[in-house]
Amino acid sequence: MYSIIVVPAHAADPGSQVRLAPGESLPFGRSTPSVPSTRSALTSPSTLVGPSGPGLALPHPGISRSAGEIRAAGSYWLLSNFSATSTYVVENPEGAGEHIKIAPGRLDAPVPFEFSRVVLPAGSELVDFGVWAPRHDYAERAHAAQEGEPTTLAFPLDRSKRYFLVLAALCEPRLRDDPHAPLPTVDRIVERLRPLWPAASRASVQWNIDYLAVKLRLKPGPETADPGPRLNGKKESLVSLALRFDLVREDDLAILATAR
């Protein structure tokens, strides 16, 4: 059963993709020679072939002949960086700027993203390719009720409330467009929500933003004696927290559909 799919940059058809089963590996580099390890390279018929052997060929003079290796491990994958000087970056295209750095010489670094873009510095350019990890493994839910108090929710959000509409509108640009997209102003949020919430105003939207900051524990509530430090960049903090912990997902934006 394949669990990892390697997608070369600008791949035109599925035939150019490489599928790896758990335990299989794929070297990559300018000429993809045998990898400097005890693990043998993948030699299945679906493997891309470089000038010197099986693997993912990245024909750029700024890429090492043997740049690294990908190894499938169930529902995730491991990345080895054989470069002595270059740090590789693995980006999550669906995240809010999420990425991990693989230092020179690092072996078997686990990558948790379902969709990844591996970026290698190559002289004055950047070379990249994609890796998909579509397999999802989940624990089975226990059918028998456990005794004792239920677990307290970390972020108790009611998706039927107006504050969630405001939070969804805040997160929308970064979920739909670009993880670094500028956040909407309060006036833009009012305009966005008017079809769903005719009474929306600057004051009501700002009140909900302030309420969310308290509800998500970014600042103390009004019942506390200590108001805490002033929260600068309140909207940025809310969106960062919401996207980091999946409090708002892309499918949650359906509640804004009639507000187009």
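Look above for the structure.
Residues numbered from 1 in each chain as written. Predicted model: local features only at pLDDT ≥ 70, side-chain atom pairs only at ≥ 80, totals over all residues. Heavy atoms only, no water.

(A) Expanded view of the sheet that holds strand β10 (residues 99-102). Here 6 strands make up an open sheet; going across it, the order is β2-β1-β13-β12-β9-β10 and the pairing antiparallel. Whereas interior strands pair on both sides, the edge strands pair on one side only; in this sheet they are β2 (18-20) and β10. Strand-to-strand twist across the sheet, computed as the mean angle between neighbouring axes with direction ignored, equals 25 degrees. As paired elements, strand β1 (residues 4-8) and β2 share 3 bridges and run antiparallel to each other. Following the sheet pairing, I5 is matched in β2 by R19. (Pairing = 2+ DSSP bridges. Helix = DSSP H or I, 4+ residues; strand = E, 2+ residues; numbered from the N terminus. Axes fitted to C-alpha atoms, helices over the stretch in contact; angles between N-to-C directions.)

(B) Quick look at the packing of aromatic side chains. Under the defined criterion, the tally for this structure stands at 6 aromatic pairs. Between F155 and F245, the ring centres sit 5.4 Å apart and the planes meet at 45 degrees, which makes this aromatic pair tilted. Of this pair, F155 sits in the loop between β13 (125-132) and α1 (162-176) while F245 sits in the segment after α4 (234-244), and the two are 90 residues apart along the sequence. On the basis of relative accessibility, which here comes to 44%, the residue F245 falls in the partly exposed class. Centroid distance Y163 to Y211: 5.5 Å. Interplanar angle 45 degrees. Geometry classified as tilted. Residue Y163 is located in helix α1, and its partner Y211 is located in helix α3 (residues 202-215); the two are separated by 48 residues in the primary sequence. The class of Y211 is partly exposed, set by a relative accessible area of 32%. Members of the aromatic cluster, each reached through a chain of ring pairs, are F28, Y88 and F129. (Phe/Tyr/Trp six-rings, centres within 6.5 Å; stacked < 30°, edge-to-face > 60°. Buried < 20%, exposed > 50% of the residue type's maximum accessible area, 1.4 Å probe, protein only.)

(C) Inspection of the layout of surface pockets at higher detail. Empty space within the second largest pocket amounts to approximately 260 Å³. At the level of secondary structure, the elements contributing two or more residues to the lining of the second largest pocket comprise α1 and α2 (186-193). Here the residues of the lining of the second largest pocket are counted per class, giving 6 nonpolar, no polar and 7 charged. (1 Å grid on protein atoms, 1.4 Å probe; cavity = no way out; pocket = protein on both sides within 12 Å on 5 of 7 lines; lining within 4 Å. Points joined across faces, edges and corners; volume = space filled by probe spheres on them. Nonpolar A, V, L, I, M, F, W, Y, C, P; charged D, E, K, R; others polar.)

(D) Summary view of a negative patch on the surface. Taken together, E94, E114, E250 and D251 make up a surface patch of like negative charges. Note on placement: E114 falls in the loop between β11 (109-111) and β12 (115-122). (Patch = residues over 30% accessible without salt bridge, like charges linked within 9 Å, V, L, I, M, F, W, Y side chains within 5 Å. Areas by Shrake-Rupley, 256 points an atom, 1.4 Å probe, with all protein chains shown as cover. Salt bridge = Lys/Arg side-chain N within 4 Å of Asp/Glu carboxyl O. Lys, Arg positive; Asp, Glu negative; His and termini not counted. Charge placed at Lys NZ, Arg CZ, Asp CG, Glu CD.)

(E) Examining the environment of Y88 more closely. Its location among the elements puts Y88 in strand β9 (residues 88-91). On the basis of relative accessible area, Y88 is assigned to the buried category, the value being 3%. Taking the C-alpha atoms as reference, Y88 lies 9.9 Å from R106; in sequence the two are 18 residues apart. There is a polar contact of 2.8 Å between the side chain of Y88 and the backbone oxygen of A67. (Polar contact = N/O pair within 3.5 Å; in protein donor to acceptor, adjacent residues only side chain to side chain.)

(F) The arrangement of the pairing of strand β3 (residues 25-29) in detail. Burial runs high along β3: 5 of the 5 residues are buried. The alternating pattern of β3 places S25, P27 and G29 and L26 and F28 on opposite faces, both of which are buried. For β3 and strand β7 (residues 68-73), the ladder comprises 4 bridges, and the chain directions are antiparallel. When the sheet's bridge partners are listed, P27 is paired in β7 with E69. Bridging between β3 and strand β6 (residues 56-57) involves 2 bridges; their strand directions are parallel. Bridge pairing links F28 to L56 in β6.

Function-wise, these values are silent; they only describe arrangement.
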